[in-house]
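Residue strings, one per chain:
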Amino acid sequence: MFQIGCHLSAAKGFLQMGREAISIKANTFQFFTRNPRGGNAKELDPRDVAEFLALAKANGIHQILAHAPYTLNACAANPSIRDFTHRTMLDDLARLESVPGNLYNFHPGSHVGQGTEKGIELIAETLNGVLSKSLRTTVLLETMSGKGSEVGRSFEELRAILDRVELSEKMGVCLDTCHVYDAGYDIVHDLDGVLARFDTIIGLNRLKAIHLNDSKNPFSSHKDRHELLGQGSLGMRTFERIINHPSLRHLPFYLETPNDLPGYGQEIATLKSLRQGDA
Ligand code: FE
Ligand code: FE
Ligand code: ZN
């Protein structure tokens, strides 16, 4: 089954996101757990959650992806920012237990001059403080483009974080196509080679989700500016290969292109027309 969806606004709750996904023929979606630039989360409405779960079940929506806000930095130099990150992640994960069995993705962080090694250490420390055995959500590290002092620009850095996490069975990776291309992994000309490296260094069994974005910038630019599919430096042929690749086709795919709901609907229709076997 082709699991395809896009980023949706969580402002009106879970039921609304479910309805929007269905309206564009998506069977999954991503959302921010709270304002991406702010701190406070909306109070969870148990009725909204229950109605969403019923709608999701009836319509085959599953494996939704919650995205942590951008204000988090698990490896900040400032301890109060790390503390804020810890509390926010704990709160997000507690809330996600009301929609169990899904995914929680976050940007590993920026080491802000402390160095990559220190960054990796602090990110693992944060994760060890928020993960617990009873957790029913899988926590994903996102592959980053390497702008500024971002950690997670290489598969080796992500592997180094995973190696330091005690409950690493709760962890996975979300591969963002724009980010890895901007980071210097040539998925346009050598998708098989990049996936082989991912498998050797991290293990493809850790890969749990794909962010499908074209890039406004050239290869290895370390920029992170998303473009509409087929209108950037990756090109539609690359996305066709990705959604059909034997190592990737079982994964959920999420669009984070600069789009509105009808635009996402068109991209999803295009991807379905390019999907082989079970579109
Ligand atoms: Fe992200
Ligand atoms: Fe992303
Ligand atoms: Zn991005």
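Provided above is the structure to which this section pertains.
Residues numbered from 1 in each chain as written. Chains lettered and ligands numbered in written order. Predicted model: local features only at pLDDT ≥ 70, side-chain atom pairs only at ≥ 80, totals over all residues. Heavy atoms only, no water.

## Considering the overall build of the protein
Move 1: Scanning the protein from N- to C-terminus turns up nine helices and 12 strands.
Move 2: For 279 residues, the compact-globule estimate of 2.2 N^0.38 gives 19 Å, and the protein sits close to it at 18 Å.
Move 3: Expressed as lengths along the three principal axes of its C-alpha atoms, the size of the protein is roughly 50 × 45 × 30 Å.
Move 4: Across the 279 residues of the protein, 54% fall into the buried class.
Move 5: A separation threshold of at least 6 residues defines the contact pool for the protein, and within that pool the share at least 24 residues apart is 77%.
Move 6: Only carbon and sulfur atoms are counted for the fraction: they give 51% of the accessible area of the protein, which is about 11,700 Å². (Helix = DSSP H or I, 4+ residues; strand = E, 2+ residues; numbered from the N terminus. Rg over C-alpha atoms; globule rule 2.2 N^0.38 Å. Buried < 20%, exposed > 50% of the residue type's maximum accessible area, 1.4 Å probe, protein only. Contact = heavy atoms within 4.5 Å. Areas by Shrake-Rupley, 256 points an atom, 1.4 Å probe, with all protein chains shown as cover.)

## Examining the packing of helix α3 (residues 79-96) against helix α4 (residues 116-130)
Move 1: Interhelical geometry of α3 versus α4 gives an angle of 40° and a closest axis separation of 9 Å. What the angle tells us is that α3 and α4 run oblique. For the pair α3 and α4, the crossing hand works out as right-handed. Contact residues: α3 offers R82, T85, H86, M89, L90 and L93, while α4 offers L122, T126, L127, G129 and V130.
Move 2: In terms of residue class, the contact of α3 with α4 is built from six nonpolar, four polar and one charged. (Axes fitted to C-alpha atoms, helices over the stretch in contact; angles between N-to-C directions. Parallel < 35°, antiparallel > 145°, perpendicular 65-115°, else oblique. Left-handed = near helix turned anticlockwise from the far one by under 90°. Nonpolar A, V, L, I, M, F, W, Y, C, P; charged D, E, K, R; others polar.)

## Brief notes about the coordination of the iron ion (ligand 2)
Move 1: Around the iron ion (ligand 2), the protein contributes the donor atoms E142 (OE), D176 (OD), H211 (ND1) and E256 (OE), at 2.0 to 2.2 Å from the metal centre.
Move 2: For the iron ion (ligand 2), the four donor atoms in the first shell make angles of 84 to 172° at the metal, so the coordination geometry reads as irregular.
Move 3: Here the donor residues of the iron ion (ligand 2) are spaced in sequence according to E-x33-D-x34-H-x44-E.
Move 4: Between the two metals, the iron ion (ligand 2) and the iron ion (ligand 1), the spacing is 3.3 Å, and E142 donates to both. Of this pair, D176 sits in strand β8 (residues 171-176) while E256 is found in the loop between β12 (253-255) and α9 (261-274), placing the two residues 80 residues apart along the sequence. Judged on exposure class, the residue D176 and its partner E256 are both buried. (Donors = N, O, S within 2.8 Å, 3.2 Å for Na, K, Ca; no water. Tetrahedral: all angles 85-135°; square planar, octahedral: opposite > 155°, others 65-115°.)

## Here we look at the coordination of the iron ion (ligand 1)
Move 1: Summarising the metal site, the iron ion (ligand 1) is bound by the protein donors H67 (NE2), H107 (NE2) and E142 (OE), whose distances to it range over 2.1 to 2.3 Å.
Move 2: Read in sequence order, the donor residues for the iron ion (ligand 1) give the motif H-x39-H-x34-E.
Move 3: Look at H67 and you get buried, because its relative accessible area is 1%.

## Things to note about helix α7 (residues 191-201)
Move 1: By the burial criterion, the buried members of α7 are L191, V194, L195, F198 and I201. The arc that holds the buried residues of α7, viewed along the axis, is 135°, so those residues lie on one side. When the buried face of α7 is taken as reference, the exposed residues oriented beyond 90 degrees from it are D192 and T200.
Move 2: Two residues or fewer after α7 comes G203, characterised by a positive phi angle close to 105°. (Arc of directions from axis to C-beta.)

## A closer look at the pairing of β8
Side-chain positions along a regular strand alternate between the two faces of the sheet.
Move 1: Most of β8 is tucked away, with six of its six residues classed as buried.
Move 2: Side chains M171, V173 and L175 of β8 all project onto a buried face; the interleaved residues G172, C174 and D176 project onto the opposite face, where all are buried too.
Move 3: The pairing of strand β6 (residues 138-142) with β8 spans four bridges and is parallel. Bridged to E142 within β8 is C174.
Move 4: The pairing of β8 with strand β9 (residues 207-212) spans four bridges and is classified as parallel. Looking at the pairing, L175 lines up with I210 of β9. (Pairing = 2+ DSSP bridges.)

## As for the pattern of salt bridges
Move 1: Counted according to the given criterion, the structure contains 13 salt bridges.
Move 2: R34 is paired through a salt bridge with D92; the nearest N and O atoms lie 2.5 Å apart. Here D92 lies in helix α3 and R34 lies in the loop between β2 (28-32) and α2 (46-59), a separation of 58 residues in the sequence.
Move 3: The buried category is assigned to R34, whose relative accessible area is 8%.
Move 4: Taking the shortest distance from any N to any O, the salt bridge between K118 and E121 comes out at 3.6 Å. Note that K118 and E121 are positioned in helix α4 at a spacing of three residues, about one turn of the helix.
Move 5: Relative accessible area serves as the criterion here: at 41%, E121 is assigned to the partly exposed category.
Move 6: Here the salt bridges do not stand alone but share partners, grouping R34, D91, D92 and R95 into one network. (Salt bridge = Lys/Arg side-chain N within 4 Å of Asp/Glu carboxyl O.)

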